[in-house]
Amino acid sequence: MDETVDKGLKLSLGLLFSIPEFEDFYKNYSQEKKIEGKNGFYLLIEFFRENLSQKRELSPEEDILLKHIFECTENEIYANSALKISIVNKLQIPNEDFLKEFQTDFQAIKTGDLSFEEINKGKYKTVKEYISLHGVDGKGLSELYEKYKDFNHPYIYDLISEPIIQAKNYSNGIAVLKKSLKYALRYPNYFWHSLRGVDACATSLYRIQFLLGYDGFREIEKSIENFEIKLLKLIFLYLSRVIYMSEGNLLSIDAYSNRARIVRDYGYQFMVIFGIGVIPDIQYISDKYLAYTTATKNNLVGQPFIQLMWDSMKMYRHGSHIPNNSGGYQETEDATWMQLVQRGHLRSINLSEKILKEFENFELNFTNSEIDLICEVALKKNIITTHNSGFA
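Here the structure is a predicted model, which is why all the values come from computation and not from measurement. (Residues numbered from 1 in each chain as written. Predicted model: local features only at pLDDT ≥ 70, side-chain atom pairs only at ≥ 80, totals over all residues. Heavy atoms only, no water.)

1. Describing the nonpolar core
Thinking step 1. Counting 77 residues, the largest nonpolar core has Leu-212 and Tyr-238 as the members making the most contacts within it.
Thinking step 2. The biggest single contributor to this core is helix α10 (residues 227-245), with 14 residues.
Thinking step 3. Those residues in contact with Tyr-238 that lie beyond four places of it in its chain are Tyr-183, Ala-184, Asn-189, Trp-192, Val-198, Cys-201, Ala-202, Leu-205 and Phe-359. (Core = buried A, V, L, I, M, F, W, Y, C linked by side-chain atoms within 4.5 Å. Buried < 20%, exposed > 50% of the residue type's maximum accessible area, 1.4 Å probe, protein only. Helix = DSSP H or I, 4+ residues; strand = E, 2+ residues; numbered from the N terminus. Contact = heavy atoms within 4.5 Å.)

Pasting the structure below:
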C-alpha cells in the first residue's frame, strides 16, 4: 500500500474503533478480505455500515462520524500525496448534473458545417497546421448563453466562447472566455477535481495564448511581471492535470498534443521552466507519441492519429518537422526513441508537481485587473469587426 494512503487509512481506522461494534467486526473482516488502498477501505466501511444496521439503527452521531471518516480519508490522502497532479478528491467534485442538459442543448444548435482554418500561419515554411471548425446556429447559441450564463461553470463558458471566436466576433467571444479564465488563473480553483472543469480551464488558457500571440505576450510582459512564464506554467499544469486525472480517455489525446505544441512553440521559455540541461524537443517527442498510443488504446485510427506518431518520429530522427540530413536526436542523444518517450513522460510528471506546488502557494495567481488586461490585449490583437449578438 502507498505510504501516503496507508497513513490516511490508519488515521481513519482509529476513528472507526470509537464505535463499540467495530473492533469485533474488523477482526472477522480482515481475516477474510485484504484491505488494499482507499477503495478497499471504503468497501470496509460500507460492509460495516450494512452489518451494523442489520443489528441496530445507527445513531445520528455515528452516521456523521462515518461520513466524516470518508472526508478525512480523501483530504488526508490528497494533501499528503507525492503525486497530487493525478489524484481526485471525490468529496470535492462539484455538482455538475446540469452539464448533461447543457451538452444536449449545445448539440442541438450544431449545423453540421465543417471547415478548416490554418494556425501558426507563416511560422513554418513547409508545414501547415489546421484546426477544424464546427458550425453552430448563431441565434441558438445566443439563446443557449442566456439560459446558462449564470451557471458559473468554466466548461459552459469555454464551449460557448469557441464558436463566437471562430466567427471572429472577438469582442463577445473573449468576454465569455474571460469568465472561464477567472477560474483558471487563480488558486484555489473550485473545479480542480472536476475533469470537465479542468479540461475547460486548460482549453481556455490555451486559447487565450493563441489569441495573444508572441506580440501580445511581449506587450503584457511590460505591465505584468513574469507574465509569460506564469501563463505557460499554468497551461502546462492544466494540460497535465487533464492527462493524469483522465486515465487515458479521449480528452488526454488533445491534452498531450497541445502540451507538445506549447512546449515546442515556446521552446526558449520552457528551457527556463524545465531548468538547465533539458531539451524541450524531448518533451515534444514524448507527448506526441503518448497522444498516439492513447488514441490507439481508444481504438482510434486514421491519418490524424497516425500523424501524431510521425510527428514524434520526425523530431527524433531529424530534430525538426522537416526531414533533413542532421540525424536529429537519434544521433545526439544517448537514448532510443522509446527511452526518450519514457524520459519525457517522467520529466513532465515531475515538472507538473513542481508547478502545482507554486500554484498552491499562490505564486501563479492573476488579479481581476490583470485578467482584464490580458483579455483587452487579446481583443486588440484580433478584432476585425464586432457584432451585437446578445453576448456580454
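On we go from here.
2. Description of the packing of helix α5 (residues 98-108) against helix α6 (residues 138-148)
Thinking step 1. Axis separation between α5 and α6 bottoms out at 11 Å; the angle between their running directions is 170 degrees. Taken together, the axes of α5 and α6 are roughly antiparallel relative to one another. Contacts from Phe-98, Glu-101, Phe-102, Asp-105 and Phe-106 of α5 reach α6 at Leu-141, Leu-144, Lys-147 and Tyr-148.
Thinking step 2. Taken together, the residues that form the contact of α5 with α6 break down as six nonpolar, no polar and three charged. (Axes fitted to C-alpha atoms, helices over the stretch in contact; angles between N-to-C directions. Parallel < 35°, antiparallel > 145°, perpendicular 65-115°, else oblique. Nonpolar A, V, L, I, M, F, W, Y, C, P; charged D, E, K, R; others polar.)

3. Section: unusual backbone geometry
Thinking step 1. Of note, the bond from Tyr-187 into Pro-188 is cis; its omega dihedral lies within 30 degrees of zero at 0 degrees.
Thinking step 2. Here Pro-188 shows up in the loop between α8 (170-184) and α9 (195-221).
Thinking step 3. One non-glycine residue, Asn-226, lies in positive phi territory at about 60 degrees.
Thinking step 4. Here Asn-226 falls in the partly exposed class, since its relative accessible area comes to 38%.
Thinking step 5. Here the phi dihedral of Glu-247 falls at roughly 55 degrees; this positive angle occurs in a residue that is not glycine.
Thinking step 6. Locating Glu-247 in the fold gives a position in the loop between α10 and α11 (251-265).

4. Observations regarding the pattern of salt bridges
Thinking step 1. Scanning the model with the defined rule gives 21 salt bridges in all.
Thinking step 2. Notably, a salt bridge pairs Asp-63 with Arg-49, separated by 2.9 Å at the nearest N-O pair. Note that Asp-63 is positioned in helix α4 (residues 60-80) and Arg-49 in helix α3 (residues 37-55), a separation of 14 residues in sequence.
Thinking step 3. Accessibility expressed as a relative area gives 21% for Asp-63, which makes it partly exposed.
Thinking step 4. Residue Arg-49 is classed as partly exposed on the basis of its relative accessible area, which comes to 21%.
Thinking step 5. Across the pair Glu-101 and Lys-147 runs a salt bridge, and its minimum N-O distance is 2.9 Å. One end of the pair, Glu-101, is in helix α5; the other, Lys-147, is in helix α6, and 46 residues separate them in sequence.
Thinking step 6. According to the relative accessible area criterion, Glu-101 is partly exposed, its value standing at 44%.
Thinking step 7. Salt bridges sharing partners connect three or more residues here, namely Glu-21, Arg-56 and Glu-62. (Salt bridge = Lys/Arg side-chain N within 4 Å of Asp/Glu carboxyl O.)

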